[in-house]
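# Chains, contacts and geometry: an overview
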Amino acid sequence: LLENFTSYALKKGITASAKEIKDSAPVIKAEMKAYIGRNLFNNRGFYPNIHKIDVTFNKAIDILKDKALYQSLLSGNKQKD
């Protein structure tokens, strides 16, 4: 599917190096799967797939799982990255 997508993009005048395609492949695949899922199953098919690559969503989940960090952030303490 990724090969078909990149071929289609090339035909439309969008170019990318092999490295750019390789680096972007996980995101492209997840987004394609999410949007196909949305077409078939509405949001139930979208969000489980897009959350896999959503950095902000995954950081929020990590914070919610860490009770001490969560409470610290609620009290106004800034998190160090």
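Figured I'd write up the structure that's included with this text. (Residues numbered from 1 in each chain as written. Predicted model: local features only at pLDDT ≥ 70, side-chain atom pairs only at ≥ 80, totals over all residues. Heavy atoms only, no water.)

## Some words on the overall build of the protein
A count of helical and extended segments in the protein gives five helices and zero strands. Since a compact globule built from 81 residues should have a radius of gyration of about 12 Å, the 18 Å found for the protein marks it as more spread out than a globular shape. Its C-alpha atoms put the protein at 55 × 30 × 15 Å along the principal axes. Residues counted as buried form 16% of the 81 residues belonging to the protein. Per element, the accessible surface of the protein, about 6800 Å² overall, is 58% carbon and sulfur. Averaging the locations of the 14 positively and 8 negatively charged side chains of the protein gives two centres separated by 5 Å. (Helix = DSSP H or I, 4+ residues; strand = E, 2+ residues; numbered from the N terminus. Rg over C-alpha atoms; globule rule 2.2 N^0.38 Å. Buried < 20%, exposed > 50% of the residue type's maximum accessible area, 1.4 Å probe, protein only. Areas by Shrake-Rupley, 256 points an atom, 1.4 Å probe, with all protein chains shown as cover. Lys, Arg positive; Asp, Glu negative; His and termini not counted. Charge placed at Lys NZ, Arg CZ, Asp CG, Glu CD.)

## Thoughts on the packing of aromatic side chains
Taken as a whole, this structure holds two aromatic pairs when the rule is applied. Consider the rings of phenylalanine 46 and tyrosine 47, whose centres lie 4.9 Å apart with planes at 85°: the pair is edge-to-face. On the basis of relative accessible area, phenylalanine 46 is assigned to the buried category, the value being 7%. (Phe/Tyr/Trp six-rings, centres within 6.5 Å; stacked < 30°, edge-to-face > 60°.)

## Details of the packing of helix 1 (residues 2–11) against helix 2 (residues 18–41)
At their nearest, the axes of helix 1 and helix 2 sit 11 Å apart, and the two run at 105° to each other. Regarding the angle of helix 1 to helix 2, the classification is roughly perpendicular. In this structure, helix 1 uses Leu2, Phe5 and Thr6 to contact helix 2, whose residues at the interface are Ile21, Ala25, Ile28, Lys29 and Met32. (Axes fitted to C-alpha atoms, helices over the stretch in contact; angles between N-to-C directions. Parallel < 35°, antiparallel > 145°, perpendicular 65-115°, else oblique. Contact = heavy atoms within 4.5 Å.)

## Some points on a nonpolar patch on the surface
A cluster of nonpolar side chains, contributed by Leu1, Ile36, Leu40 and Phe41, occupies part of the molecular surface with about 440 Å² of accessible area. Within the secondary structure layout, leucine 40 lies in helix 2. With relative accessibility at 60%, the residue leucine 40 sits in the exposed group. (Patch = residues over 30% accessible without salt bridge, like charges linked within 9 Å, V, L, I, M, F, W, Y side chains within 5 Å. Salt bridge = Lys/Arg side-chain N within 4 Å of Asp/Glu carboxyl O.)

## Section: unusual backbone geometry
With phi around 60°, asparagine 42 is a residue other than glycine that occupies positive phi space. Topologically, asparagine 42 is positioned in the loop between helix 2 and helix 3 (43–50).

## With respect to the environment of isoleucine 14
For isoleucine 14, the location among the structural elements is in the loop between helix 1 and helix 2. With 48 residues separating them along the chain, isoleucine 14 and aspartate 62 place their C-alpha atoms 37 Å apart.

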